[in-house]
Amino acid sequence: MNNKILEVVSVSKSYPIYSNLLHIEIGRKDVIRNISFFLEENQTLGVLGPSGVGKTTLVKLIAKVEPVDKGEIYVDGKNIKEYSRIEFVSKVQILLQNAYSMLNPKLKIGYLLKERILQYFKINSKRPTSGNINSIIEELLEITKLPKMVLDMYPYQLSGGQKQRVAILLVLSLRPKILILDEPMSAMDVSLQAQMVNFLIDIKEKYKFSYLFITHDKDMAEYFCDRILVLHEDGNYEIKDS
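Broken down by element type, the protein chain carries seven helices and 10 strands. Relative to a compact globule of 242 residues, whose C-alpha radius of gyration would be 18 Å, the protein chain shows 19 Å and is just as compact. In terms of overall dimensions, the protein chain has C-alpha extents of about 55 × 50 × 40 Å along its principal axes. For the protein chain, the proportion of its 242 residues judged to be buried stands at 45%. Put simply, of all contacts in the protein chain between residues at least 6 apart along the chain, 67% involve residues at least 24 apart. When the accessible surface of the protein chain is split by element, carbon and sulfur atoms take 50% of a total near 12,800 Å². Each charge class in the protein chain can be summarised by its mean position, and for the 32 positive and 29 negative side chains these summaries are 7 Å apart.

This part is about the nonpolar core. Counting 49 residues, the largest nonpolar core has Leu200 and Ile203 as its most contacted members. Among the elements of the structure, α3 (109–123), α4 (130–144), α5 (160–172), β7 (178–182), α6 (190–207), β8 (210–215), α7 (218–224) and β9 (227–231) are those that each provide at least two residues to this core. Aside from chain neighbours lying at most four places away, what touches Ile203 is Ile143, Ile168, Leu172, Lys208, Phe209 and Tyr211. Counting residues in each nonpolar core, the second largest holds 28 residues, with Phe37, Ile73, Tyr83 and Val92 among its members.

The next thing to look at is unusual backbone geometry. Positive phi values are uncommon outside glycine, yet Lys64 reaches one of about 65°. Relative to the assigned elements, Lys64 resides in the loop between α1 (55–62) and β4 (70–75). With phi around 50°, Arg175 is a residue other than glycine that occupies positive phi space.

Turning our attention to the pattern of salt bridges. Applying the stated criterion across every chain, the model contains 11 salt bridges. With a closest N to O distance of 3.7 Å, Glu205 and Lys204 form a salt bridge. By relative accessible area, which is 38% here, Glu205 ends up partly exposed. Residue class for Lys204 comes out buried when judged on its relative accessible area of 8%. Here the residues in one salt-bridge network are Lys204, Glu205 and Lys208, joined through shared partners.

The antiparallel open sheet is built from four strands, whose spatial order is β2-β1-β4-β5. Where the open sheet ends on each side, the last strands, each with one partner, are β2 (25–40) and β5 (78–79). Strand direction decides the pairing type here: strand β1 (residues 4–18) and β4, joined by five bridges, are antiparallel. Across the sheet, residue Val9 finds its bridge partner in β4, namely Glu72.

Structurally, the position occupied by Leu179 is in strand β7. Each C-alpha atom of the pair Leu179 and Lys91 lies 8.5 Å from the other, and the pair is 88 residues apart in sequence. For Leu179, the contacting residues outside a window of four places in its chain are Gln93, Ile94, Leu95, Val171, Phe209, Ser210, Tyr211 and Leu212.

So, about the packing of aromatic side chains. Aromatic rings considered in pairs are described by the distance between their centres and by the relative angle of their planes. Taken as a whole and judged by the stated rule, the model has seven aromatic pairs. Relative to Phe121, the ring of Tyr120 has its centre 5.8 Å away and its plane inclined at 75°; by these criteria the two rings are edge-to-face. Each residue in the set Tyr207, Phe209, Tyr211, Phe213 and Phe224 is aromatic and connected to the rest through ring pairs, giving one cluster. A cation over an aromatic ring shows up here: Lys4 above the ring of Phe38, its NZ or CZ 4.7 Å from the ring centre. Sitting above the plane of the Tyr120 ring, Arg175 keeps its charged end 6.0 Å from the centroid.

The rules we used
Numbers given to residues run from 1 along each chain, matching the order in which its sequence is written. With the structure being a predicted model, the display of local features is reserved for residues of pLDDT at least 70 and the display and counting of side-chain atom pairs for 80 or more, all residues being used for whole-chain, interface and lining totals. Water and hydrogen atoms were dropped before computing side-chain values, which therefore reflect all heavy atoms in the structure. Under the scheme used here, helices are H or I runs from DSSP no shorter than 4 residues and strands are E runs no shorter than 2 residues, and both carry numbers assigned from the N terminus. Radius of gyration here uses only the C-alpha atoms, and the compact-globule reference equals 2.2 Å multiplied by the residue count raised to the power 0.38. Buried residues are those whose accessible area, probed at 1.4 Å on protein chains only, stays under 20% of the maximum for their type, while exposed residues exceed 50% and partly exposed ones sit between those limits. Here, residues are in contact when the closest pair of their heavy atoms is within 4.5 Å. Every accessible area reported is derived by Shrake-Rupley at a probe size of 1.4 Å, with residue values counting cover from the shown protein chains alone. By the counting rule applied here, Lys and Arg register as positive and Asp and Glu as negative, while His and the ends of each chain are not counted. By convention, charge coordinates are those of NZ in Lys, CZ in Arg, CG in Asp, or CD in Glu. Side-chain atoms within 4.5 Å are what join buried Ala, Val, Leu, Ile, Met, Phe, Trp, Tyr and Cys residues into a set we call a nonpolar core. When a carboxyl oxygen of Asp or Glu lies within 4 Å of a side-chain nitrogen of Lys or Arg, that pair is called a salt bridge. Strands are labelled as partners when DSSP assigns at least two bridges between them. When two rings of Phe, Tyr or Trp (its six-membered ring) have centres within 6.5 Å they constitute a pair, described as stacked for plane angles under 30 degrees, edge-to-face for angles over 60, and tilted for the intermediate range. Any Lys NZ or Arg CZ that is within 6 Å of a ring centre and within 35 degrees of that ring's normal is treated as a charge sitting over the ring.

Right under this line is the structure:
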């Protein structure tokens, strides 16, 4: 049985280099070069490396933000090129380092959450009712340990930890297969990082989704991940068991 939820096959990505004087393309810079790896269901794969090795580019390729130059990417057994935009958001979601950027500052959290839940029903061709919407909201608040009062709050009224949990709450409402964690804990102190890691482990077990964990922190990757994709500055890579 094939339980690969994500498979990256011989993927490459480069960007143009322009001359300073005439702004003419004079070459290409390879950022991702012939990389292959997979992520299994209900597993966590770390992507580890210093700044500039292509971690962010890799996220953009997997999330369909940018196209690959060469190679193929499969999610849930299907080439990502074949997914519509609406289909794909139920497969892959990203939790960013800056949780606030995921929240519309002019809208209350309750409104943002209901919109996400309605989107989930639309994607899955289900008819929502006020009863099942409310039950989903209650479940998500309980899981994220957020008080009901946050539903009537604007993003600017939340603490840093609450913003991160609200961002997770919005992501969970779509029930994704893969959650990309793009250095979501880099701005937290050690105690908050530990709380967040344990929380992420708990919700992964409950919802049975898979994590792609982007980080430059070797110790965190070894603690949190099942396997680690290590990107090197020379363009090479290796995959290790943590």
